[in-house]
Amino acid sequence: MNISYKWLCDYLPEIADWNAQKVADALTSIGLETGSVEKVDSIRGGLEGLVVGRVETCVLHPNSDHLHCTTVNVGAEEPLKIVCGAPNVAEGQHVIVATIGTTLYNGDESFVIKKSKLRGEESFGMICSEVEIGVGTDASGIMVLPDTAVVGMSAAQYFGLESDYCLEVDITPNRIDATSHFGVARDLAAYLTQHGRPAVAKLVPTERIVTGQENKNSIAVSIEVAPEECPRYQGVTLEGLINGESPKWLRDRLETIGVRSINLLVDISNFVLHEVGQPLHFFDADKIAGQQIRVEKLPEGTLFTTLDGVERKLNGRELMICDASHNPLCMAGIFGGAGSGVTEATTRIFIESANFNSTSVRKAARSHALNTDSSFRFERGLDPEATSYALRRAVALLQELAGGHVVGEVIDCLQMPLEHPMCTLRRAKLFQTIGATISDEEVVRILRSLDICVSEEWPDGWLLSLPVYRTDVRREIDVIEEVLRIYGYNEIPLKGYIQANLATRSNVDKDYKTELLVSEQLVGSGYQEILSNSLTAEKYYADLGTYPVDQLVHLLNPLSQELGVLRETLLFGGLEAVARNFNNRQQSCAFFEWGNCYRHRGVEHDRESFSAPLAPYSERAMLGLWLSGTRGGGNWLMPKEHPLDVYQLKADVENILTRLNIPLSGLNLELGSNDIFSDYIAYQTPKKNGKTLVWMGVLRTEIVRRFDIEVPVYYAEFDRSLLMDAGREHPLLAQEIIKYPVVKRDFALLLNNEITFAQVEVVARRAEQKLLRRVELFDVYAGKNLPAGKKSYAVSFYLQDADATLTDKQIDKSMQRIRMLLEKELGAELR
């Protein structure tokens, strides 16, 4: 939030002798962190380098018929020689001079005055026009000042230019009380009081609104919603207003904090908003049908056009401000309607100063993707007592600046009593929490500086009456935090020792380390880590059985249809990244991502949601790998590009399992295809009906073409939880290098065409778990001399014993077991 330093001084004159940076430091120390302090000039550049001068001599340029050679006294030791092209320059004039080094601005462009030579004559400055220095619009010649102008005076001083400073204060969500200049001044006053300069922030006094006589032109109000949805609604009608441009002081105040001046009426409402934090809404009273305001809810599907010209369809839960005919005029606390806003021609208005329920406003704003200065404040909970002063302040400014007068009575619909919450504060709890002992006198002084009243004092503490505007201070611990904030965190003495708690590494810690290990391995293999959005588009899941649409988790108020659901799989976020990289002419894409996936588990779980709201939903941590494109080309080692293939992905997946010491022989293998993969391999946990640890394969063409990808994409997805559990079952331990020889034996196997080498390897490893080290396929034959539907695999089996050299008997026994199991489970025959 932007805060004007000078505006702040209006409510707390005690800081007028501070510079803006000191104010920023004080705010940061009490929890209102100030990110930056920027100087703001009403005229760009602040007229720096411009001075008042007097033209001592003026003669025609010897080499030009329109230039003049002048000498100008600017209060320096010697007059400046300046060549001037203005037709009205003359001896004896008082003028504005830009000296060497001065920067002048023209819109977004700027230029620096330098020593120059014009047609042979030197020039050491520039005599300026109104337009060139930004104080007027006359560009016909130089600006001529009265003879009373003091030579050598800075232009900023002559024009009475004052600079301000804009403080960018980072407001935390709980500090709605500090979303105004007076709110910030109130906190600063507490800081000053604590540091020996008692101060109280004071608002500009306002008198009670003098109501007009009963008049048929006044607007009536009726509240048609529950009291908690609109605790207070105040309003008043004014007429005889003259709208137009705001006075300079008002424009300067708003422009300093980045609010564009629009017209007098709008500027006054914005001024009050940033002064006290209470949003106001000005309705053009002549546009209110039936001269009645109704606070109500409209039927679902009602159309409402907001000030930005967008037609919105209401969901029936929004608080709406309507006229007597139930026509919507404004979305309460959020945005005005296009048909009721004030214009330059407005002479009669109805001012709304209300307090709306924070939850209602927040839900309505999110459902329509709206975020305004008004909704920002209402969503966090405002003080119902603030509506009265804001209304009086607005009326006073309108009467002073726009010449209006009040019509009828001031309306005050107070639906809920204004009660100050109470809280107890125990001394022992206070001292224990902050780690220091503070005197009762100091505690009470801090509390009073924060508008916390001591109702009763007890031997062990106090009974406190809390300010309504501090919606975040309701409990004892909140009050303790406030005391500590003003007392000063740096005032708490540090102990002379440090306490530390040592704990064993949990599985969470171990799994995180494993995740880093796998990530490092993938990066070393040429992969890059990506991070995609958990929110995705529902259209990606259309007609998919693997990831059904009815199991998607939908957002109630999505920002867009492209971000309307939580992802069921990492797949589509990675495909977006692949497509983006190919569009940017990347040769290959090798990506990995760790992320969560979400699923609605079905209607049968919905009945649990009454006692456990998250019961119908599941969240799984996953690891995804994407591989596509080509490798090589452009270097001597691999001069031609080679397409990446699914075997490279398979190798990377198996390397991960090997790195975590997860034996492939202990996993079940599943082969198949579905609506995601044209062909896939899945490794499953060894238990009956085991869960899929990882699956990988070639993505279907129709899937990748949704993303305008024209080359094959290979994808693998791990279940992180299962991966970590499997890794913990087989801790990776160092072992000696086996010194005994490896024995190789070959089989020529006759197999059915549908049998894959992966199945052969799994069966072989299951048959010989101790001695079998490696299985390799070195030849495949299918054709004549083989029975129909058959093929031949030539497979090498590598055996090795860690403790002794293998004997022929051991070798034959192992190979016999492998052969028998291949025959039994795969129907293999030796050729």
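Just above sits the structure.
Residues numbered from 1 in each chain as written. Predicted model: local features only at pLDDT ≥ 70, side-chain atom pairs only at ≥ 80, totals over all residues. Heavy atoms only, no water.

**Some remarks on the environment of Gln194**
Note that Gln194 resides in helix H5 (residues 181-194). Measuring from C-alpha to C-alpha, the distance between Gln194 and Ile486 comes to 7.0 Å, with 292 residues separating the pair along the chain. Once residues within four sequence positions are removed from consideration, Gln194 is found in contact with Glu442, Arg445, Ile446, Ile486 and Tyr487. At 2.7 Å, the side chain of Gln194 forms a polar contact with the side chain of Glu442. (Helix = DSSP H or I, 4+ residues; strand = E, 2+ residues; numbered from the N terminus. Contact = heavy atoms within 4.5 Å. Polar contact = N/O pair within 3.5 Å; in protein donor to acceptor, adjacent residues only side chain to side chain.)

**Thoughts on the pairing of strand S17 (residues 292-296)**
With respect to burial, S17 is a largely interior element, four of its five residues being buried. As paired strands, strand S14 (residues 220-223) and S17 are joined by four bridges and run parallel to one another. The partner of Ala220 across the bridge, within S17, is Gln292. With three bridges connecting them, S17 and strand S20 (residues 320-322) associate as antiparallel partners. In the strand pairing of S20, Arg294 is matched with Cys322. (Buried < 20%, exposed > 50% of the residue type's maximum accessible area, 1.4 Å probe, protein only. Pairing = 2+ DSSP bridges.)

**Some points on the sheet that holds strand S22 (residues 335-336)**
Strand order in this open sheet of five strands is S14-S17-S20-S21-S22, and the pairing throughout is mixed. Each edge of the sheet is formed by a strand with only one pairing partner; in this case those strands are S14 and S22.

**Quick notes on helix H16 (residues 646-659)**
The first and last C-alpha atoms of H16 sit 20 Å apart over 14 residues, in line with the 20 Å expected at 1.5 Å per residue. For H16, the full list of buried residues reads Leu649, Asp652, Val653, Glu654, Ile656 and Leu657. Contacts made by the buried residues of H16 are with helix H14 (507-524), strand S33 (617-632), strand S36 (677-684), strand S37 (692-699), strand S38 (713-719) and helix H18 (720-729). Its side-chain oxygen 3.1 Å from the backbone nitrogen of Tyr647, Asp645 forms the N-cap of H16. After H16 finishes, the residue Asn661 shows a positive phi value of roughly 60 degrees. (Expected span 1.5 Å × (residues − 1).)

**Digging into helix H20 (residues 808-826)**
Look at H20: 26 Å from first C-alpha to last across 19 residues, which is about the 27 Å you get at 1.5 Å a residue. Those residues of H20 not exposed but buried are Ile811, Ser814, Met815, Ile818, Leu821, Leu822 and Leu826. Angularly, the buried residues of H20 cover 130 degrees about the axis, an arc narrow enough to put them on a single face. H20 presents Asp808, Lys809, Lys813 and Lys824 as exposed residues on the side facing more than 90 degrees away from its buried surface. Residues of H20 that are buried make contact with strand S39 (743-752), helix H19 (757-767) and strand S41 (790-799). Of the residues flanking the end of H20, it is Gly827, one or two places downstream, whose phi is positive at about 70 degrees. (Arc of directions from axis to C-beta.)

**A look at the sheet that holds strand S31 (residues 565-566)**
With respect to topology, three strands assemble into an open sheet ordered S29-S31-S30, the strand pairing being antiparallel. A single partner strand is all that each edge strand has here, and the edge strands are strand S29 (535-536) and strand S30 (553-554). Where S30 meets S31, two bridges bridge the pair, whose relative direction is antiparallel. Residue pairing across strands places Val553 opposite Leu566, the latter belonging to S31.

**A closer look at unusual backbone geometry**
Look at Leu47: it is not a glycine, yet its phi comes out positive at around 55 degrees. Structurally, Leu47 is set in the loop between strand S2 (34-41) and strand S3 (50-60). In this structure, Ala369 takes a positive phi of about 55 degrees despite not being glycine. The topology assignment puts Ala369 in the loop between helix H8 (358-367) and helix H9 (373-378). Assessed through its relative accessible area of 54%, Ala369 is described here as exposed.

**A look at a negative patch on the surface**
On the surface, a cluster of negative charge is contributed by Glu33, Glu38, Glu168 and Asp170. Checked against the element boundaries, Glu38 lands in strand S2. (Patch = residues over 30% accessible without salt bridge, like charges linked within 9 Å, V, L, I, M, F, W, Y side chains within 5 Å. Areas by Shrake-Rupley, 256 points an atom, 1.4 Å probe, with all protein chains shown as cover. Salt bridge = Lys/Arg side-chain N within 4 Å of Asp/Glu carboxyl O. Lys, Arg positive; Asp, Glu negative; His and termini not counted. Charge placed at Lys NZ, Arg CZ, Asp CG, Glu CD.)

**Here we look at the packing of H14 against H18**
For the pair H14 and H18, interaxial distance at closest approach is 11 Å and the crossing angle is 100 degrees. When the axis of H14 is compared with that of H18, the two are roughly perpendicular. Contact residues: Asn507, Asp511, Tyr512, Thr514 and Glu515 in H14; Arg720, Met724 and Arg728 in H18. Residues that form the contact of H14 with H18 fall into these classes: two nonpolar, two polar and four charged. (Axes fitted to C-alpha atoms, helices over the stretch in contact; angles between N-to-C directions. Parallel < 35°, antiparallel > 145°, perpendicular 65-115°, else oblique. Nonpolar A, V, L, I, M, F, W, Y, C, P; charged D, E, K, R; others polar.)

**Notes on the packing of helix H6 (residues 248-256) against helix H7 (residues 264-276)**
The interhelical angle for the contact between H6 and H7, taken along N-to-C directions, is 50 degrees, at an axis separation of 10 Å. Relative to H7, H6 is oriented oblique. Note that H6 runs across H7; the crossing there is left-handed. In this structure, H6 uses Trp249, Leu250, Arg253 and Leu254 to contact H7, whose residues at the interface are Leu264, Asp267, Ile268, Asn270 and Phe271. Here the contact of H6 with H7 is composed, by residue class, of six nonpolar, one polar and two charged. (Left-handed = near helix turned anticlockwise from the far one by under 90°.)

**Here we look at the packing of aromatic side chains**
Under the defined criterion, the tally for this structure stands at 18 aromatic pairs. Each ring, one from Trp18 and one from Tyr191, has its centre 6.3 Å from the other, and the planes form 85 degrees; the classification is edge-to-face. Of this pair, Trp18 sits in the loop between helix H1 (5-11) and helix H2 (20-29) while Tyr191 is found in helix H5, placing the two residues 173 residues apart along the sequence. On the basis of relative accessibility, which here comes to 10%, the residue Trp18 falls in the buried class. Residues Tyr540 and Phe707 carry aromatic rings whose centres are separated by 4.9 Å and whose planes lie at 40 degrees to one another, so their mutual orientation is tilted. Remark: Phe707 occurs in the loop between helix H17 (701-705) and S38 and Tyr540 occurs in the loop between S29 and S30; sequence separation between them is 167 residues. Accessibility assignment for this pair places Tyr540 and Phe707 in one class, buried. Linked through ring pairs, Trp626, Phe677, Tyr680, Trp695 and Tyr715 together constitute an aromatic cluster. Stacked on the ring of Tyr469, the Lys or Arg Arg186 has its end atom at 3.7 Å from the ring centre. (Phe/Tyr/Trp six-rings, centres within 6.5 Å; stacked < 30°, edge-to-face > 60°. Lys NZ or Arg CZ within 6 Å of the ring centre and 35° of its normal.)

**Notes on the state of the cysteines**
Evaluated as defined, the whole model comprises zero disulfides. With no disulfide of its own, Cys84 lies closest to Cys58 among cysteine sulfurs, the gap being 7.4 Å. The thiol sulfur of Cys166 is not disulfide-bonded, and the nearest other cysteine sulfur, from Cys9, lies at 14 Å. (Disulfide = S-S within 2.5 Å.)

**Considering the pattern of salt bridges**
The tally for this structure, following the rule as stated, stands at 38 salt bridges. Among the salt bridges present, the one from Arg720 reaches Glu515, with a minimum N-O distance of 2.9 Å. Of this pair, Arg720 sits in helix H18 while Glu515 sits in helix H14, and the two are 205 residues apart along the sequence.

**Focus on the side chain of Thr536**
Here Thr536 lies in strand S29. Given a relative accessible area of 7%, Thr536 falls into the buried group.

**Here's the deal with the nonpolar core**
Counting residues in each nonpolar core, the largest one holds 82 residues, and the members touching the most others are Phe282, Ile351 and Leu398. Discounting chain neighbours no more than four positions away, the residues touching Leu398 are Leu238, Leu241, Leu265, Ile268, Phe282, Ile349, Ile351, Gly403 and Gly404. Counting 36 residues, the second largest nonpolar core, distinct from the first, contains Ile288, Leu314, Ala332 and Phe378. (Core = buried A, V, L, I, M, F, W, Y, C linked by side-chain atoms within 4.5 Å.)

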